[in-house]
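Chains, contacts and geometry: an overview
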Amino acid sequence: DYFVVNVSSPNTPNLRALQDKEPLQNLLNHLQVKNEKKQKPKPILLKIAPDLSEEQLMDIIDIVISSKIAGVIATNTTISREGLSSIHKDEAGGLSGKPLTKSSTEVIRFLSTKSNKAFPIIGVGGIMTPQDALEKLDAGASLVQLYTGFVYEGPSLIKAINQAILDRNLK
(Lines give C-alpha, C1' and ligand atoms only; values in the text may rest on other atoms or scores of the structure.)
Protein backbone atom coordinates (compact mmCIF):
# COMPACT_ATOMS: atom_id res chain seq x y z
CA ASP A 1 0.00 0.00 0.00
CA TYR A 2 2.96 2.34 0.56
CA PHE A 3 6.74 2.42 0.40
CA VAL A 4 8.86 3.10 3.46
CA VAL A 5 12.28 4.69 3.14
CA ASN A 6 13.92 3.49 6.34
CA VAL A 7 17.16 5.39 6.88
CA SER A 8 17.00 4.97 10.62
CA SER A 9 18.10 1.45 11.49
CA PRO A 10 21.07 1.47 13.87
CA ASN A 11 21.85 -2.12 12.90
CA THR A 12 22.99 -1.26 9.36
CA PRO A 13 26.42 0.42 9.33
CA ASN A 14 26.36 4.01 8.03
CA LEU A 15 22.64 3.91 7.17
CA ARG A 16 21.74 6.67 9.60
CA ALA A 17 24.10 9.01 7.73
CA LEU A 18 21.39 9.11 5.07
CA GLN A 19 19.27 11.13 7.52
CA ASP A 20 21.55 14.12 6.92
CA LYS A 21 19.84 16.82 4.90
CA GLU A 22 21.58 16.69 1.53
CA PRO A 23 21.76 12.89 1.04
CA LEU A 24 18.20 12.46 2.28
CA GLN A 25 16.85 15.24 0.06
CA ASN A 26 18.59 13.71 -2.97
CA LEU A 27 17.34 10.21 -2.17
CA LEU A 28 13.72 11.21 -1.63
CA ASN A 29 13.62 13.48 -4.67
CA HIS A 30 15.00 10.67 -6.83
CA LEU A 31 12.50 8.15 -5.45
CA GLN A 32 9.62 10.57 -5.82
CA VAL A 33 10.48 11.21 -9.50
CA LYS A 34 10.65 7.45 -10.17
CA ASN A 35 7.41 6.85 -8.26
CA GLU A 36 5.49 9.58 -10.11
CA LYS A 37 6.35 7.90 -13.42
CA LYS A 38 4.51 4.76 -12.35
CA GLN A 39 1.00 4.15 -13.61
CA LYS A 40 -0.12 3.76 -10.00
CA PRO A 41 2.29 5.64 -7.76
CA LYS A 42 2.29 4.62 -4.12
CA PRO A 43 2.73 6.91 -1.13
CA ILE A 44 6.32 7.18 0.08
CA LEU A 45 6.86 7.52 3.83
CA LEU A 46 10.11 8.31 5.60
CA LYS A 47 10.95 6.33 8.74
CA ILE A 48 13.17 8.28 11.11
CA ALA A 49 15.12 7.65 14.29
CA PRO A 50 14.09 8.97 17.70
CA ASP A 51 17.64 10.17 18.34
CA LEU A 52 17.64 13.15 15.97
CA SER A 53 18.35 16.68 17.20
CA GLU A 54 15.79 19.47 16.86
CA GLU A 55 17.85 20.89 13.99
CA GLN A 56 17.77 17.53 12.21
CA LEU A 57 14.01 17.27 12.80
CA MET A 58 13.53 20.72 11.28
CA ASP A 59 15.51 19.48 8.26
CA ILE A 60 13.20 16.45 8.08
CA ILE A 61 10.16 18.75 8.01
CA ASP A 62 11.69 20.81 5.19
CA ILE A 63 12.64 17.71 3.22
CA VAL A 64 9.24 16.03 3.57
CA ILE A 65 7.44 19.19 2.44
CA SER A 66 9.80 20.00 -0.43
CA SER A 67 10.01 16.42 -1.75
CA LYS A 68 6.22 16.06 -1.45
CA ILE A 69 6.45 12.56 0.01
CA ALA A 70 3.33 11.33 1.80
CA GLY A 71 4.54 11.54 5.39
CA VAL A 72 6.73 10.27 8.20
CA ILE A 73 6.88 7.17 10.35
CA ALA A 74 8.14 8.28 13.75
CA THR A 75 10.09 6.44 15.09
CA ASN A 76 12.37 3.47 14.66
CA THR A 77 14.46 1.96 17.45
CA THR A 78 16.78 4.06 19.61
CA ILE A 79 20.48 3.82 20.28
CA SER A 80 20.00 5.57 23.63
CA ARG A 81 20.37 3.51 26.78
CA GLU A 82 19.43 6.33 29.15
CA GLY A 83 17.72 5.10 32.30
CA LEU A 84 18.32 1.40 31.66
CA SER A 85 19.63 -0.79 34.44
CA SER A 86 19.66 -4.12 32.61
CA ILE A 87 22.85 -6.15 32.42
CA HIS A 88 22.36 -5.92 28.65
CA LYS A 89 22.28 -2.10 28.54
CA ASP A 90 25.69 -1.87 26.86
CA GLU A 91 24.76 -4.10 23.93
CA ALA A 92 24.81 -2.56 20.47
CA GLY A 93 21.80 -2.25 18.19
CA GLY A 94 18.41 -0.67 18.30
CA LEU A 95 16.31 -0.72 21.43
CA SER A 96 12.53 -1.00 21.11
CA GLY A 97 9.57 -1.21 23.43
CA LYS A 98 8.78 0.74 26.57
CA PRO A 99 12.12 2.62 26.80
CA LEU A 100 11.21 4.23 23.46
CA THR A 101 7.70 5.43 24.38
CA LYS A 102 8.50 8.93 25.62
CA SER A 103 11.14 9.89 23.04
CA SER A 104 9.00 8.66 20.16
CA THR A 105 6.02 10.68 21.38
CA GLU A 106 8.23 13.77 21.75
CA VAL A 107 9.42 13.41 18.13
CA ILE A 108 5.83 13.06 16.93
CA ARG A 109 4.76 16.16 18.88
CA PHE A 110 7.73 18.17 17.57
CA LEU A 111 7.10 17.22 13.93
CA SER A 112 3.36 17.82 14.16
CA THR A 113 3.68 21.17 15.93
CA LYS A 114 6.62 22.60 14.00
CA SER A 115 5.18 21.55 10.62
CA ASN A 116 1.72 22.82 11.54
CA LYS A 117 0.44 19.32 10.74
CA ALA A 118 1.64 19.67 7.14
CA PHE A 119 1.88 15.90 6.60
CA PRO A 120 0.62 12.67 8.16
CA ILE A 121 2.69 11.00 10.86
CA ILE A 122 2.45 7.32 11.68
CA GLY A 123 3.30 6.99 15.36
CA VAL A 124 5.34 3.98 16.37
CA GLY A 125 7.69 3.24 19.22
CA GLY A 126 6.91 1.90 22.65
CA ILE A 127 3.18 1.41 22.21
CA MET A 128 2.60 -1.15 24.91
CA THR A 129 -0.85 -0.05 26.14
CA PRO A 130 -3.95 1.70 24.80
CA GLN A 131 -2.86 4.81 26.72
CA ASP A 132 0.48 4.81 24.82
CA ALA A 133 -1.44 4.77 21.52
CA LEU A 134 -3.72 7.61 22.65
CA GLU A 135 -0.67 9.67 23.64
CA LYS A 136 0.81 9.21 20.14
CA LEU A 137 -2.48 10.32 18.58
CA ASP A 138 -2.73 13.28 20.96
CA ALA A 139 0.84 14.27 20.05
CA GLY A 140 -0.16 14.51 16.38
CA ALA A 141 0.02 11.01 14.91
CA SER A 142 -2.60 10.24 12.27
CA LEU A 143 -2.19 6.49 12.72
CA VAL A 144 -0.27 4.18 15.03
CA GLN A 145 1.81 1.13 14.23
CA LEU A 146 2.63 -1.69 16.65
CA TYR A 147 5.68 -3.90 16.89
CA THR A 148 7.01 -4.80 20.34
CA GLY A 149 3.68 -4.22 22.08
CA PHE A 150 2.03 -6.59 19.61
CA VAL A 151 4.69 -9.23 20.29
CA TYR A 152 4.20 -9.06 24.05
CA GLU A 153 0.47 -8.35 24.26
CA GLY A 154 -0.84 -10.06 21.12
CA PRO A 155 -3.89 -9.13 19.05
CA SER A 156 -5.87 -8.16 22.15
CA LEU A 157 -3.80 -4.95 22.29
CA ILE A 158 -5.27 -3.87 18.95
CA LYS A 159 -8.79 -4.46 20.23
CA ALA A 160 -8.01 -2.55 23.44
CA ILE A 161 -6.57 0.40 21.50
CA ASN A 162 -9.60 0.53 19.21
CA GLN A 163 -11.90 0.39 22.22
CA ALA A 164 -10.00 3.21 23.96
CA ILE A 165 -10.36 5.37 20.83
CA LEU A 166 -14.09 4.58 20.59
CA ASP A 167 -14.62 5.27 24.29
CA ARG A 168 -12.86 8.59 24.00
CA ASN A 169 -14.91 9.62 20.96
CA LEU A 170 -18.16 8.74 22.74
CA LYS A 171 -17.43 11.09 25.64
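So, here is what we can say about the structure in this document. What you see is a predicted model, and the numbers here were worked out from it, not measured in a lab. (Residues numbered from 1 in each chain as written. Predicted model: local features only at pLDDT ≥ 70, side-chain atom pairs only at ≥ 80, totals over all residues. Heavy atoms only, no water.)

**Brief notes about the pattern of salt bridges**
Our working rule: Salt bridges are identified by distance alone: a Lys or Arg side-chain nitrogen within 4 Å of an Asp or Glu carboxyl oxygen. Secondary structure elements follow DSSP: runs of H or I of four or more residues count as helices, runs of E of two or more count as strands, with numbering from the N terminus. The buried label applies to any residue whose accessible area, calculated with a 1.4 Å probe on protein chains only, is under 20% of its type's maximum; exposed applies above 50%, and partly exposed to all values in between.
Scanning the model with the defined rule gives four salt bridges in all. Where Lys 102 meets Glu 106, a salt bridge forms, and the shortest distance between an N and an O atom there is 3.9 Å. Placement of the pair is Lys 102 and Glu 106 together in helix 3 (residues 101-114), with a separation of four residues, close to one helical turn. We classify Lys 102 as exposed; its relative accessible area is 62%. With its nearest N and O atoms 2.6 Å apart, the salt bridge here joins Asp 138 to Arg 168. Residue Asp 138 is found in helix 4 (residues 130-139), and its partner Arg 168 is found in helix 6 (residues 156-170); the two are separated by 30 residues along the sequence. Overlapping salt bridges bring together Lys 21, Asp 59 and Asp 62 as one network.

**Section: the nonpolar core**
Heads up, the rule is: Grouping buried Ala, Val, Leu, Ile, Met, Phe, Trp, Tyr and Cys residues that are joined through side-chain atoms within 4.5 Å yields what is termed a nonpolar core. Should any heavy atoms of two residues lie within 4.5 Å, those residues are considered in contact.
Among the nonpolar cores identified, the biggest contains 24 residues, and Leu 46, Ile 48, Ile 60, Val 72, Ala 74 and Leu 111 are the most heavily contacted of them. The element contributing the most residues to this core is helix 2 (residues 54-67), with five residues. Excluding its chain neighbours within four sequence positions, the residues that come into contact with Leu 46 are Val 5, Val 7, Leu 24, Leu 28, Ile 60, Val 64, Ile 69, Gly 71, Val 72 and Ile 73. Counting five residues, the second largest nonpolar core, distinct from the first, contains Ile 127, Ala 133, Leu 157 and Ile 161.

**Overview of the pairing of strand 4 (residues 121-124)**
Working note: regular strand, side chains alternate between the two faces of the sheet. Our working rule: Two strands are said to pair when DSSP picks up at least two bridges between them. Seen with its strands pointing away from the viewer, a crossover is right-handed when the path leading from the first strand over the helix to the second is clockwise.
A two-sided burial pattern is seen for strand 4, the buried positions comprising Ile 121 and Gly 123 on one face and Ile 122 and Val 124 on the other. Bridging between strand 3 (residues 71-74) and strand 4 involves three bridges; their strand directions are parallel. Looking at the pairing, Val 72 lines up with Ile 121 of strand 4. With three bridges connecting them, strand 4 and strand 5 (residues 143-145) associate as parallel partners. Its bridge partner being in strand 5, Val 124 is matched across the sheet by Gln 145. Once you follow strand 4 into helix 4 and on to strand 5, the crossover reads as right-handed.

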